[in-house]
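# Summary of structural features
So you can see what is in the structure, the chains are spelled out below.
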Amino acid sequence: MTLQNKQYRLAARPVGTPKDSDWEFTTEAIPTAGEGEVVVKVHYVSLDPAMRGWMNDAKSYIPPVGLGEVMRAGTVGEVIESNNSAFAVGDYVTGYHGVQQYGKSDGKDLVKVDPNLAPLQSYLGGLGMPGLTAYFGLTDVGAVKEGDTVLVSGAAGAVGSMVGQIAKILGARAVGIAGGAGKCRYVVDELGFEACVDYKSDSFLKDLKEPLKTGVDVYFDNVGGDILDIALARLNRHARVVICGAISQYNNTTPVQGPVNYLNLLVQHARMEGFVVFDYIKQYEEGTRQLATWYSEGKLQFKEHIDEGIENFPTTFLKLFTGENFGKLVLKVNEN
């Protein structure tokens, strides 16, 4: 029996929350390596909120996924064929092979990883794009310094959980916002945040008062919407607001909700700046080295939510928007 490469392709531009008909499940022959190319057997696919934006036919920091194309996604896997001297069969690499079981590359987008240092899926989480996003967003855009109070939304998620841990390592106070008492307990008891407030609680605004009694020096925003407005109202003088994402707005069928309290930026002489991790691609090696050092020293921990089976991609992807995932959401690609 000939092995096949199972894939998910974008079939239609979603309106609101993606539905099954927006995807096409296809199979084709496993690719072969041409001159200078490698073939990678994908072990894990990274599922990230940014993927929802890549599905829209709109100008952005990266071109949209074309209709009929394999859905773009970060991956980690094993080189099974190589005509590229930089990679040997058996090497493990990260790249962007998308939602499929096998991918082909000229090697320019591949980074070797060591499965002996950390589990493979961690290179899509704490030691991958989410970890680098947290690292550069907090240290460069947020200019965090010792003694700062750092407020982060989506604190139990892939990026937010790293932001708080890095803030703590650098001598700042970390206060999280997350959905549900269980996530808040995890953020405080396991990740070491000073506090975490459940935005689903009826006493949410009241519960924010004590941990933010000295105000907010850095707000790292992953959700947008009402939570952004609440944070803007609590800024200290010269605060920095880091716009990383706005997951509460991604499936809107109405215009994106903008901030109402933006004038507090003027009052507090604060600044708000957006960024994407691709801005720092030339510094990835530096960032990964620092994250790996902290990990080896026991200062960082990673949590992954792993679902299995490429056939389950559409259902698993939606967990990003329902809050079902706990930690970095990863899809394990089953063997052929």
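Scroll up a little and you will see the structure.
Remember, predicted model here, so these are calculated numbers, not experimental data.

## Re the packing of helix α2 (residues 129-141) against helix α3 (residues 158-169)
Angle between the axes and distance between the axes: these two values describe a pair of packed helices. At a closest axis distance of 8 Å, the pairing of α2 and α3 adopts a crossing angle of 45 degrees. It follows that α2 is oblique to α3 by the angle criterion. Seen from above, α2 lies across α3 with right-handed handedness. Residues Pro130, Gly131, Thr133, Ala134, Tyr135 and Leu138 of α2 form the contact with α3, whose participating residues are Ala158, Val159, Met162, Val163, Ile166 and Ala167. Classifying every residue of the contact of α2 with α3 gives 10 nonpolar, 2 polar and no charged.

## Some remarks on the packing of aromatic side chains
Taken as a whole and judged by the stated rule, the model has 14 aromatic pairs. A cation over an aromatic ring shows up here: Arg72 above the ring of Trp54, its NZ or CZ 5.2 Å from the ring centre. A cation sits over an aromatic face here: Lys303 above Tyr186, 5.3 Å from the ring centre.

## Quick notes on the pattern of salt bridges
Considering all chains together, one arrives at 14 salt bridges under this definition. Among the ionic pairs, Asp22 bridges to Lys19, the shortest N-O distance being 3.7 Å. Look at Asp22 and you get buried, because its relative accessible area is 1%. Classification of Lys19 by relative accessible area gives partly exposed; the value is 45%.

## Let's talk about the environment of Gly327
Residue position: Gly327 is located in the loop between α9 (313-322) and β15 (328-332). Residue Gly327 is classed as buried on the basis of its relative accessible area of 3%. A C-alpha to C-alpha distance of 28 Å links Gly327 and Asn5, two positions 322 residues apart in sequence.

## Observations concerning a nonpolar patch on the surface
On the surface, Tyr262, Leu263, Leu266 and Val267 cluster together into a nonpolar patch covering about 430 Å² of accessible area. Assignment of secondary structure puts Leu263 in helix α7 (residues 263-267).

## Quick word on the sheet that holds strand β13 (residues 271-274)
The 6 strands lie next to each other as β10-β9-β8-β11-β12-β13, forming an open sheet whose pairing is parallel. In the strand order of this sheet, the two ends are held by β10 (195-198) and β13, each with one partner. Between one strand axis and the next, the sheet turns by 15 degrees as a mean value, whatever way the strands run. Both strand β8 (residues 149-153) and strand β11 (residues 216-221) contribute to a ladder of 3 bridges, which runs parallel. Paired with Val152 across the two strands is Phe220, which belongs to β11. In this fold α2 packs onto β8, β11, β12 (235-243) and β13, with an angle of close to 145 degrees to the strand it touches most, β11.

## Considerations on unusual backbone geometry
Here Ala143, not a glycine, exhibits a phi torsion of approximately 45 degrees, which is positive. With respect to the element layout, Ala143 can be found in the loop between α2 and β8. According to the relative accessible area criterion, Ala143 is partly exposed, its value standing at 32%. Backbone geometry at His238 places phi at a positive 65 degrees, although glycine is not the residue there. In this structure, His238 sits in strand β12. For His238, a relative accessible area of 49% gives the class partly exposed.

## So, the side chain of Lys319
Here Lys319 lies in helix α9. Once residues lying within four places of it in the same chain are set aside, the contact partners of Lys319 are His305, Asp307, Glu324, Asn325 and Leu329.

## Overview of the packing of α2 against helix α8 (residues 284-296)
In the contact formed by α2 and α8, the axes pass within 10 Å of each other and the chain directions differ by 100 degrees. When the axis of α2 is compared with that of α8, the two are roughly perpendicular. Counting all contacts with α2, which are made through Gly131, Leu132, Tyr135 and Phe136, the residues of α8 involved are Tyr284, Glu286, Gly287, Thr288, Gln290, Leu291 and Trp294. Taken together, the residues of the contact of α2 with α8 sort by class into 6 nonpolar, 4 polar and 1 charged.

## Details of α2
Burial analysis of α2 places 10 of its 13 residues in the buried class, the great majority of the element. The set of residues buried in α2 consists of Pro130, Gly131, Leu132, Thr133, Ala134, Tyr135, Phe136, Gly137, Leu138 and Val141. Once α2 ends, the next one or two residues include Ala143, with phi positive near 45 degrees.

Rules used in this analysis
- Residues numbered from 1 in each chain as written.
- Predicted model: local features only at pLDDT ≥ 70, side-chain atom pairs only at ≥ 80, totals over all residues.
- Heavy atoms only, no water.
- Axes fitted to C-alpha atoms, helices over the stretch in contact; angles between N-to-C directions.
- Helix = DSSP H or I, 4+ residues; strand = E, 2+ residues; numbered from the N terminus.
- Parallel < 35°, antiparallel > 145°, perpendicular 65-115°, else oblique.
- Left-handed = near helix turned anticlockwise from the far one by under 90°.
- Contact = heavy atoms within 4.5 Å.
- Nonpolar A, V, L, I, M, F, W, Y, C, P; charged D, E, K, R; others polar.
- Phe/Tyr/Trp six-rings, centres within 6.5 Å; stacked < 30°, edge-to-face > 60°.
- Lys NZ or Arg CZ within 6 Å of the ring centre and 35° of its normal.
- Salt bridge = Lys/Arg side-chain N within 4 Å of Asp/Glu carboxyl O.
- Buried < 20%, exposed > 50% of the residue type's maximum accessible area, 1.4 Å probe, protein only.
- Patch = residues over 30% accessible without salt bridge, like charges linked within 9 Å, V, L, I, M, F, W, Y side chains within 5 Å.
- Areas by Shrake-Rupley, 256 points an atom, 1.4 Å probe, with all protein chains shown as cover.
- Pairing = 2+ DSSP bridges.

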